[in-house]
Structure formats: structure tokens, C-alpha cells
Amino acid sequence: MKAKESKREPLFHIVRRDHMPTWNRMLIRVLAVLAALIFCGILMVAIFHIDPFRFYRSMLDGAFKTPRRRWYLLQSMSILLCISLAVTPAFKMRFWNIGAEGQTMVGGLATAAVMFYLGGKIPTPLLFVAMIAAAILSAMIWALIPAVFKARWNTNETLFTLMMNYVAIQLVTFCIGNWVKSGSGILAPMSKYGLPKFGPSDYFPNILTVAVLTVLMFVYLRYSKHGYEISVVGESENTARYIGINVKKVILRTMALSGALCGIAGLLLVGGTNYTVSTSIVDNQGFTAIMVSWLAKFNPIFMILTSFLVAFLQAGTKQVSTDFRINESISDIVTAILLFFIIGCEFFIQYKILFNHRQKGSEQA
Amino acid sequence: MIINFIFSAVRLGMTLLFGSTGETITEKSGHLNLGIPGIMCVGAACGCVSEALYTGAVGQGNANRILAVLIPIVASFLGAAFLGVIYSFLTVTLRANQNVTGLALTTFGVGVANYLIKTVEIIKYSYASSFFTAGFPFAAKLGGFGKLFFSYGIMVYLAIAIALITSFVFNKTRVGLHLRAVGENPATADAAGINVTAYRYLATMIGSGIAGLGGLCYVMDNLNGNWEYVIDAMGWLSIALVIFTVWKPSLGILGSILFGALYIASNYISGTNKALLNMLPYVVTILVLITTSIRNKKEHHPPAGLGLNYYREER
Amino acid sequence: MEKTVALELRHLTKTFGSVTANKNVDLTVYRGEILAILGENGSGKTTLMNMISGLYYPDSGHILIGGEEVVIGSPKDAFRYKIGMVHQHFKLVDVFSAAENITLGMKDGKFNLKEAKKKISETASRYGFLLDPDKRVYQMSVSEKQTVEIVKVLYRGAEILILDEPTAVLTPQETEKLFDVLRRMRDDGKSIIIITHKLHEVLALTDRVAVLRKGEGVGTVNTAETNEAELTELMVGKKVSLNIERSEPKNCVDRLCVSHLTLTDREGRKILSDISFTARSGEILGIAGIAGSGQRELLETVAGLQKPDAGAISYLDPTTGETVNLLGKTPVQIRDLGVRLSFVPEDRLGMGLVGNMNIIDNMMLRSYRKGRSAFLNRKDPKNLAERIIESLEIVTPNAVTPVRRLSGGNVQKVLVGREIASSPTVLMVAYPVRGLDINSSYTIYNLLNRQKESGVSILFVGEDLDVLIGLCDRILVINSGRVTGIVDGRNAEKGEIGLLMTMTESRRNPAEEGREKQ
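No experiment lies behind these values; they were computed from the predicted model shown. (Residues numbered from 1 in each chain as written. Chains lettered and ligands numbered in written order. Predicted model: local features only at pLDDT ≥ 70, side-chain atom pairs only at ≥ 80, totals over all residues.)

Turning to the overall build of chain C, a few remarks are in order. Looking only at helices and strands, chain C features 18 helices and 20 strands. A compact globule built from 518 residues should have a C-alpha radius of gyration of about 24 Å, and chain C, at 25 Å, falls within 12% of that. Projecting the C-alpha coordinates of chain C onto the three principal axes gives extents of approximately 75 × 55 × 50 Å. By the burial criterion, 46% of the 518 residues in chain C qualify as buried. (Helix = DSSP H or I, 4+ residues; strand = E, 2+ residues; numbered from the N terminus. Rg over C-alpha atoms; globule rule 2.2 N^0.38 Å. Buried ≥ 20, exposed ≤ 12 C-beta atoms within 10 Å, placed from the backbone.)

Across its full length, chain A carries 14 helices and two strands. Expressed along its principal axes, the backbone C-alpha trace of chain A runs to roughly 85 × 60 × 40 Å. When the 365 residues of chain A are sorted by exposure, 49% land in the buried category.

Now for the interface of chain C and chain B. At the interface, 18 residues of chain C touch 21 residues of chain B. Sort the elements by how many residues they give to the side of chain C that touches chain B and helix α2 (residues 75-80) of chain C lands first, with three residues. Across the side of chain C that touches chain B, the residue classes tally to 12 nonpolar, two polar and four charged. (Contact = placed C-beta atoms within 7 Å. Nonpolar A, V, L, I, M, F, W, Y, C, P; charged D, E, K, R; others polar.)

Another aspect to go through is the interface of chain A and chain B. By a frequent convention, interface size equals the accessible area lost on bringing the separate parts together. At the junction of the two partners, chain A supplies 37 residues and chain B supplies 39 residues. Sorting the residues of the side of chain A that touches chain B by element identifies α6 (124-153), α7 (157-179), α12 (285-295) and α14 (330-350) of chain A as the ones contributing at least two each. Residue composition of the side of chain A that touches chain B, by class: 23 nonpolar, 12 polar and two charged.

Right, let's get into the confidence of the model for chain C. Residue and element names in this part refer to chain C. Averaged over all residues, the pLDDT of chain C equals 85, while 92% of them reach at least 70. The weakest mean pLDDT in chain C belongs to helix α18 (residues 510-515) at 42; the strongest belongs to strand β18 (residues 457-461) at 94. Taken as a whole, residues 505-518 scores under 50 in pLDDT and shows 15 contacts with residues more than four places along the chain or in a different chain. Both scores are available for the predicted complex, with the pTM at 0.84 and the ipTM at 0.89. (pLDDT = per-residue confidence, 0-100.)

Attention now goes to unusual backbone geometry. All names here are of chain A. A positive phi is found at Tyr275, a non-glycine position, where the angle reads about 60°. Relative to the helices and strands, Tyr275 is located in the loop between α11 (247-274) and α12. In this structure Tyr275 comes out as buried when scored by C-beta crowding, with 21 C-beta atoms within 10 Å. Even without glycine at this site, Phe298 takes up a positive phi of about 60°. Among the secondary structure elements, Phe298 is positioned in the loop between α12 and α13 (300-323).

With that out of the way, let us pick up the sheet that holds strand β4 (residues 60-65) of chain C. All names here are of chain C. Read from one edge to the other, the open sheet built from four strands follows the order β2-β1-β4-β5, with strand pairing classed as antiparallel. In this open sheet, the two strands that pair with only one neighbour each are β2 (19-30) and β5 (68-70). The sheet shows a mean angle of 25° between the axes of neighbouring strands, taken without regard to direction. Examined bridge by bridge, strand β1 (residues 5-16) and β2 share eight bridges and lie antiparallel to one another. Following the sheet pairing, Leu12 is matched in β2 by Val25. (Pairing = 2+ DSSP bridges. Axes fitted to C-alpha atoms, helices over the stretch in contact; angles between N-to-C directions.)

Turning to the nonpolar core, a few remarks are in order. In this structure, A:Cys82 and C:Phe460 are the most contacted members of the largest nonpolar core, which totals 352 residues. Beyond its immediate stretch of four places on either side in the chain, A:Cys82 contacts A:Val210, A:Leu213, A:Leu261, A:Ile264, A:Ala265 and A:Leu268. (Core = buried A, V, L, I, M, F, W, Y, C linked by C-beta atoms within 7 Å.)

Residue and element names in this part refer to chain C. For chain C, the assigned domains are domain 1 (5-236), domain 2 (254-340 + 423-515) and domain 3 (355-422). Just the C-alpha atoms count here: the centres of domain 2 and domain 3 sit 26 Å apart. The partner domain 3 presents nine residues to the 13 residues of domain 2 that form the contact. No other element matches helix α15 (residues 438-453), which puts five residues into the side of domain 2 that touches domain 3. Residues that form the side of domain 2 that touches domain 3 fall into these classes: six nonpolar, five polar and two charged. (Domains from an automatic or database assignment.)

Residues and elements named next belong to chain A. Across the interface, helix α5 (residues 100-118) lies against α7 with an axial gap of 8 Å and an inter-helix angle of 20°. The angle between the axes of α5 and α7 places the two elements in the roughly parallel class. Seen along the crossing, α5 lies across α7 with a hand that is left-handed. For the pair formed by α5 and α7, the contact residues are Glu101, Gly102, Met105, Val106, Leu109, Ala113 and Phe116 on the first element and Met164, Asn165, Val167, Ala168, Ile169, Leu171, Val172, Cys175 and Trp179 on the second. Split by residue class, the contact of α5 with α7 holds 13 nonpolar, two polar and one charged. (Parallel < 35°, antiparallel > 145°, perpendicular 65-115°, else oblique. Left-handed = near helix turned anticlockwise from the far one by under 90°.)

Sheet analysis places β1(C) next to β4(C), joined by five bridges and oriented antiparallel. Within β4(C), the position partnered with C:Arg10 by the bridge is C:His62.

Quick look at α7(A) now. Note: α-helices contain 3.6 residues per turn, so residues at a spacing of three or four share the same orientation. Taking 1.5 Å of rise per residue, the 23 residues of α7(A) would be expected to cover 33 Å, and the 32 Å separating its terminal C-alpha atoms lies within 8% of that figure. Most of α7(A) sits inside the fold, with 17 of its 23 residues counted as buried. (Expected span 1.5 Å × (residues − 1).)

Further remarks concern the sheet that holds strand β11 (residues 254-264) of chain C. All names here are of chain C. If you walk across this open sheet you meet the four strands as β12-β11-β14-β15, and the pairing is antiparallel. A strand with exactly one partner marks an edge of an open sheet, and here the two such strands are β12 (270-280) and β15 (323-325). On average, adjacent strands in this sheet sit at an angle of 20° to one another, irrespective of strand direction. Pairing between β11 and strand β14 (residues 310-316): five bridges, direction antiparallel.

What follows concerns helix α13 (residues 249-268) of chain B. Residues and elements named next belong to chain B. Over its 20 residues, α13 runs 28 Å from end to end, which matches the ideal 28 Å to within 8%, given 1.5 Å per residue. Helix geometry: α13 is bent most strongly at Leu262, by close to 30°. Taken residue by residue, α13 has Pro249, Gly252, Ile253, Gly255, Ser256, Phe259, Gly260, Leu262 and Tyr263 as its buried positions. Residues of α13 that are buried in the fold lie against α1 (2-28), α8 (154-172), α12 (231-244) and α14 (275-295). (Bend = angle between axes of the 7 residues up to and from the residue.)

A few words now on the environment of C:Glu216. Residues and elements named next belong to chain C. Mapping Glu216 onto the fold places it in strand β10 (residues 216-222). Judged by the 17 C-beta atoms lying within 10 Å of it, Glu216 falls in the partly exposed class. Residues Glu216 and Ala21, spaced 195 residues apart in sequence, show a C-alpha to C-alpha distance of 8.5 Å. Setting aside anything within four residues of it in sequence, one finds Glu216 in contact with Lys23, Asn24 and Val25.

Turning our eyes to something else, we now look at the environment of A:Ile79. All names here are of chain A. By the element assignment, Ile79 lies in helix α4 (residues 67-92). We classify Ile79 as buried; it has 27 C-beta atoms within 10 Å. Not counting residues within four places of it along the chain, the set of residues in contact with Ile79 comprises Ala265, Leu268, Leu269 and Gln285.

This next bit is on the environment of A:Leu267. All names here are of chain A. Looking at where Leu267 falls in the secondary structure, it is placed in helix α11. Exposure remark for Leu267: the 30 C-beta atoms within 10 Å place this residue in the buried category. Each C-alpha atom of the pair Leu267 and Ala110 lies 8.3 Å from the other, and the pair is 157 residues apart in sequence. The contacts of Leu267, once residues within four sequence positions are left out, are Gly107, Thr111, Met131, Ile132, Ala135 and Gly272.

Below, the structure is given as C-alpha cells:
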């Protein structure tokens, strides 16, 4: 039976593509997004018997209908974008930091701690400085712990940073438990110590901060010597050694930067949005950010698009769930389906399928 | 009290053991599946929903004890294994990044599970919990000894059995040898004539299926049939357990009980803030990760091909 | 004995992207013979064999076994047709024992390691191998690993054995032993295909030789009826007269003194022991030795990439006349001392260049630190890139093309061009023409000669003795990390160098070792 099978020639085989023009890559990705949306539309019809056009309409409404929704969309997009920016330099270095969730949380916790202990006791400008410093420093340290072990003993950073997330969650629970004597586990918002507000919306300062960070990160990665070193280390550690880059130093420096940005995200979440901290404050955006960054191929400018896309989906599907009284989990499902499609479409950018015409076959061996 | 403590630790531990055995099988094939939390949620949901459907079909009074246990187990396994198929399709066939795929899968799984569980009424599945938790009838007569060894529900014994079988397969069979080779060095395995694609697909499917049972175990055994939105936390803990037990399912039995004990210890200690205790499983795992990397002993390392996709004609 | 055909290839073609690795290759292999596949690096030998062993799938062409057309879609298929390949880079699982590796992938019968071990020992002793089935691969030496690979193939009952450059990593004695084993297998009726580019091995071992050039088969000859000259001609396509214009060294002064250099690797193996030599300005010092004798490590140590255990490296600055100690300095420190040391490593895309970066960014690797600004200056590298593309005639669409998309010769020109651009006083090159065609090779030789004429001290690690003799002024020969001699390039004999390269411990003349010590 085996011998017979092997005489059959495979119908196609897969070869790596040499190169694909940029606009072709873009087209494939756009097609993937469209395909995902169509697929979701079909799902809606099949499972919930919803008119697909009403479904799309509802998504658009959820994201854009009122100014408040539009600002909210920008706000959630900027938090996501901020964390995505944070993980990007590490990823470019091939350091799989999946601990952004925890790093952001620790940054938020430190902000809250400063607000809790120092709020009202020191002058407000000083309080702001303390909040910013605490957020950045604490998250930086949180990110540096796995980096030190990676640099010194090559400890697996994926698993290490993953574990650090859960340590961070427990740390938040611990602090809240100590701060809130009632035992409710909920820390009341400390709104009066929040970061200053200005501009057309309460969210505006956050959005502006992240916009500036995006440009800075783009410049840093593209035009600075540090950014260049990160690329070299990521592409080939051997080359880095050869030209005398201190790889350990670059790992530590880059993770410190990653952590600092996560800290800023935590600061914006706690000091600029919620004025309190909880274990769900980052709301899994630390993980979503990894996908946002990866989908944008670690380019901060593309990340504006990908984070927008994800934030739009999250806002849109929330509306769908209220409009059609489907439970909220639909948001996760639709987001994940879109991610699957985009993740999968990379294959068609990297490889091409060659069909064999010489002989009739039936399926791949 | 100490007996009660151990009893509870074992119950929770076995939930984790399912997860970690499943993830170990997956990782041995070279797949770092970070979708396990989502997979466990889906496993739990499929089990509960199938139970509810069965109950709806026959009427609650007429439910057959055996079927009421068997159907959810099968459904849970299949539902979770299906997520394994999605993961494998993306990472093996489409060669997508494993970390990103896994995380997306967790998002997906959590969403699907939360959706599914709301499609049925809780009373239609939660009653069956008593079928799951029933221990051996003679356990009560043996006092503390009976409680410690014979009073657990079926899922606990199933978890241990699966862990032992997996350990046996890894170390004593050809399939195990091939699987380990695929995870260590897929190019070598391929050159030796092992179907890397098939092994990766199957290991991920079976591993996911087993992990899915962990979700079911958590709801039906630990929570006595109540649904809680913390199943994904069990998934992350399971991944930690895999590292803690250095990819050995037999060690996983003890490790999972220890993790279970650490996790519930806070309920037995009064006065202190419990969060620090809850931190312990993760901290201990980090310490294991660090010590193994410092000692640099090859046998305790993750599979060398973990996280890397394989493409034969790469050059 | 009547010759029966074991394997036949017809018009096999394989391309990788825009690179054609094999084009219409025909080949016949008989039972009970040793066939050499001879060709330069990059001539497609390994690709061709990978298609037979099922790793690559041919774009077109036919494979016939015992006269019948077959499809080999995977290594499993290859085993079924009793084809086994020992790859150059061993395909072994490090944490497995020898026995586990050998039985890996076998499906027949019950899984019984104990019985398998017995059978393994039998197979090994039948052909004269020594093998401990319980030893783990990561604890093995290279030749032990090779033994595991060969036994693995035999254990599967292979009738056609393919060995990819099996001697590259072996000592001369180990090579002799291996050849004995291979002859025994041939007499056993097996077909042995050995990939190599070493002519003396071809002549010593094989029955027939098939020669590949640039991916195409150029002919098959009987070993008994040929000689080195004819094979070389087949291999490179024209009568090679290695007429490299070699000028007389002028104004030679000592530039780099290495003395008593000793290096141990992480596993505690001695890589370099007591190496001493002096490189002079205006001359090319060749370094000869069989692959893996410590050439790479020697250059890396001088460049500051490896930390030696003992010894001294000193550089005599031509401008100040001062002696600068380089030992234990990092590459950056060396540069900061004002030492203009350039290094063209053997691994071009893995070390010397970054494949995914464009030519401009690769130019920057050496110079990006210049200046105190935190930002990169891309203007100078851009000019440099354009200058090099023009002067070295690099074939590329533009300066922003990723270097991995260039051909091997052009990649090397980018690398050498960059290293020369910093106007070095010491230039170290490792296997600079490996995988390059003749024209590109000559471009490189000429570049080196021009550097030499301008007073640069050049260290040239090469594998082709003809090139070493034709290009270098002096040749340092090393053997397992020791200097076994220094010969004059102008009146050196190939045989003499070959002897020094393979000389064993006991035969070494202690006086010779002391000769170059200062």
C-alpha cells in the first residue's frame, strides 16, 4: 500500500517567496481583513439570524456614532497603542516579552500607591512628578528582572515574563487588600489627584501623549543608534558580537525602555483615566498589544492602523451585543477571528504554492 | 483539618494536572501553546453545554449516571481538541508565529466559552456535579485514609491515569520517542522519516483535548457545578506547572498537588493578606526556571525546538 | 562482476527562488561501487543529494530505482527505497542516546530498545565501528557523532549510502578508518555516494567520479583513468592556471605579533595551543589547515571576539611606532586604540553582514558609532555603498536591496568592500572565495593584492592549497590548533603543506614548532 501511495506525485508543493512588492503585501492583508469581516457576517446570519448589514451597521455605530464614542474609541486605541509601542523594541530584538500586562499593571499600581499615600500631602505638581516617576521606575524594574536573567543565563524570557504577569496581579490584590480596610477589594477612585485635563475631551491628554510617543518610537527605531543596535541584535547575535555590540547591555537597555513605556500606559490608565487600580485594569490589552505589534510588523506607524482596527472591533462588537442582545463575549470571538485571518494571511506573503502539472495526483502526500 | 486541606489541594491540583499534562504533550512536539487558558474554558463550556443538552433530551430525573459523566467528558475533549486543530492549522500548515497564535486562541476560547455557557440554563448541568464528585462507596468506612485516597471524584483518578499513561508513552514507547524527537529537533526527526506535521497536529489536538478536561474538572468537581470566569487563570497556572515539573508528567502529579496546596493555602490561614500566598505558585515557577537555566542541564531544558515552526526546504 | 544499476537520475532540476541549484542533472549509480560527487562549493552537490534523500522535492526530472520511476517526497520514501544520507550537519537529537537516535523513525516490530542495542552493536562491529549505544549525543565527539549517523543509516538496511563531506571534520587517522569502513561496505554490495571537493580523497577511495559545475553535470569518469589535473579542469571548467599576479612584498615591517596563544572552548577542549607568528605589512600571510583546526578561532581571537587563556597579541602602530597590546580587548576597545583591524569572517550572512538589512545599513555596521549624536548618519554610508557598488561592480537593483537577495559573489564583494573601506592596516579574511565563481574569486584576489601593495598586512585563511600557494607570500600551517610550520609561498610544494596539515602528534618535529617563536 505504501509503495503505491508514494508513486503518486504531490498535487502541489510550497516554496518560499523571494520577495513580494509592498503594495501586494498590503493588498493581501486588506483582503484578509475583509474576508474576516465577511466570515463574521456569515456567522452572524448562521448563528443569530441577524441581517449581516445591520450587523456591520451596528458595529460602525458602536465605534463612531456619537462624539463621545469617537473619543472613547481613540482613548482605548491609544492605551492599546501605548502598550504595543512598549513591546515593540523588545520584539525587534527577538526578546519575547509577553509580560506587558504585568508591567503595565505594576506601573498603574505604583501610580495608585503614590496617589494613595502622598495625595493631598505634597503639592500637586510634585505629586504628578512622583506619580510619573513611580510608574516608569516600577514598570522598568518589573521588566528588567526577566531581562537580567535572560542576559546572564539565557533564561527563557517568554515563560518568565508570562509568570511575572500573575505575580503582578497578586501584588495588586495584596495592595488593595491592605489599602481598603472594608475588605470589599475595590479601591474607590481618587479623582482629585488625577493628572491634569485639557483639550476637547477628558481623554485628550492621554491620546496626545501616546501620539507623541508613537512618533518618538518611530524615530528611535528608525533613526537612532540604539534602534539600529536593536535591529542588529534581533537579526543576528553573531553579527552584533562581531561588530562589538554589547548584547547584554542592549537587552537590558531595551527591556528597560519597554518597561518604561508600559509604566506610562499604566500611568495613563490609573492617573489619567480610572484614578483607581484593580486586577482587571489592563483588561488583557497587554496580550492584545503583542498581536497589534506583530501584525504591524513592529512598525510604529502601521501600529496606528492595527491598534485602531482592534479597538474598532472591540467597540463595534460591544454595540452589536447590546443592539441584538447577544452576550458580550461576541467581542472576543470576532476579534480573535479577525486575528486568525491576519495571522494566517502572512503565509501567502511568505510562501507561494506551486501546482504540479506533470502528472495527475489527488492530494498532498 | 489537615486531611481536608490535602483533599482540597488534590482536587484543585488535578484540574491543573489535566492542563499541564496536555500542555506538556503539546510542548514536547515543539508547540508552545499559549492558547491553553482559552482551551480549558472551551473544554469546560462544551462539557457543561453537552450535559445540559443531554439533560434536556432525557429529562433531569432520567439522566443515566454513566452517560451524564461520559457525554461531557467526550464533548469537552472534542471541543478543546478542535481549538488544537485551529492552532495547528495556523502554526503548522500556515507557519504562523506560535506566541501570537496562542494568545489569539486564548481570546477566542474565552469568548466562545462565555458565549456557549450562556446558551443553557445552569440547573441543567450543575446537578450532574454530584455524579462527578462521587468517590468510592467504601471510602467513608476507611476514615481519613479513605478520604485521602478513595473519596475523590472520577476526574481526579482520570487525571492521574492520564499523567501516568503519558509518562509511560514518553519514556517507553516508540511514539513517545518520535514525539520527543519532533520537539527537540524537527529537521532530524524529518530526516529520520517521522511525519513532523502529523505528530505536531496530533500532539496538539490530544494535548488540547486533555487540557479541556481540566476545565470540565474545575467546573464539575472543584466548583460543584457552578460556572466562574476564572478558568483561564487555571490555564496560566497549568503552563507554569509544565515548567515547574521540567516537562515530566509523572512529576506533574506531585507538582500539581503542591500547586493546588499553595493556591488554596490562603483559605486555611487566617489573618494575613492572602494575595502573597497566591503569588507563590508563580514565584516558585520562576525560581525553577532560573535554577534550571543556571544549572544548564540538558535534560531539564525546554524542548530545543519549542516555539519554532518547521519548514523542510528552509535554507 | 556484472554491474547493476541501483539508482538513476534523469534531468533533475531544482531552484530556490531565483537561484538555480541544479539544472538537468543526469546520474547513474551502480551497486557495489563508491561514487564521488565532485564539485566546487556551491556547485549543487548537496542539493542534488537532498533530492534523492527526500529533503527537497525536485522542480522537474525523474528518479529511477532499479529501473522503475519513483517519487521521493520525504525522507521516509527514501528509506523505503533503501537510500540513507549522512548529512554534513548531523541530524541527531542532542539529548537522546545513540541507540535512541539510531532507532528513531523506525516502525517495524515491537519497540524494544534492549534488542535494538544488541542489533546496533552487531551492525557496528560488522563494519568495524566502535559505538556505545547508551552515550548521549551531546557528550560525543564529532567523529562519534558521525559514527552514529552512519550506523543509523546502515541499521535501516540502506543499500545506497550518501555521505556529505564526511571527512571535513575528521582527523587523518579517522579519515583512513572511515575509508576502510566504506570499502568494506562497497565489497558488501552497497552503493556509496560521497560528496567532496577534495581530489586526493576522490583518487584514494572511489571507483567513479561524477563532476558538477554550477549545478549542472559535466561528466562522469572512472577514477582509475583520471588524474587531478583532469578532474580540476572538469570541476572549474577551464584549465586553471592560477596566475594570480603576485608582487614582491615591499617595505615589510612587523605589524602583528602573536605569541603563545592558547584558547579553550566552553566545553574545556583546547582549540588553540601555543600559537605564535608574526604578520608583516605588505605581505599576505596564508593560514592553511584542514577544516576546524582552529583557523576561525584564531582570527576571532585576534579580532577580540574570543578570550584566550594565555599568550600575547601585540600590534605595532605604523604611525607612532608604538606597540599596542590587543590581548583581552573587545572589538570596540581595539578600534578605540586606533588599531585599524578589518575582518572578513567565514560566515558572511550570519556574522559579517545582516541578510535582511540593505546595503547601506550593512555599510553602517562598522561606522555607525561615529560621532556623538544619538542618531544615525546615513549619508556617509549611502555614499560608501554607492561607491563600492560602482567600483566593485556589484550586481544589485539599488543600494536599498536587502543583501540576502544578492548572489554569493556580490554578497562577498559588499563585505570585503566594507572592510577595505576603513583603510585597514591589518586585514583578516577567512575563506573569502568559498562558494564564489572563478570570476568573483579573481576579483577578490586582486582586491587583496592591491591592499597588500598599499602596505596592509593580510591574514588569509584558505582551503584550496593551489590558491594559497599562488597568492600568499608565506603560509602558516596549523593542525588541531597547533602551528606545524611556516613555509614560503613562492617555493612551497603542495605535498609539503598537505603533510604539515595532517601531521600527527608523534611525527611532529619539535624544532619546527620552535622556529617561529620570537
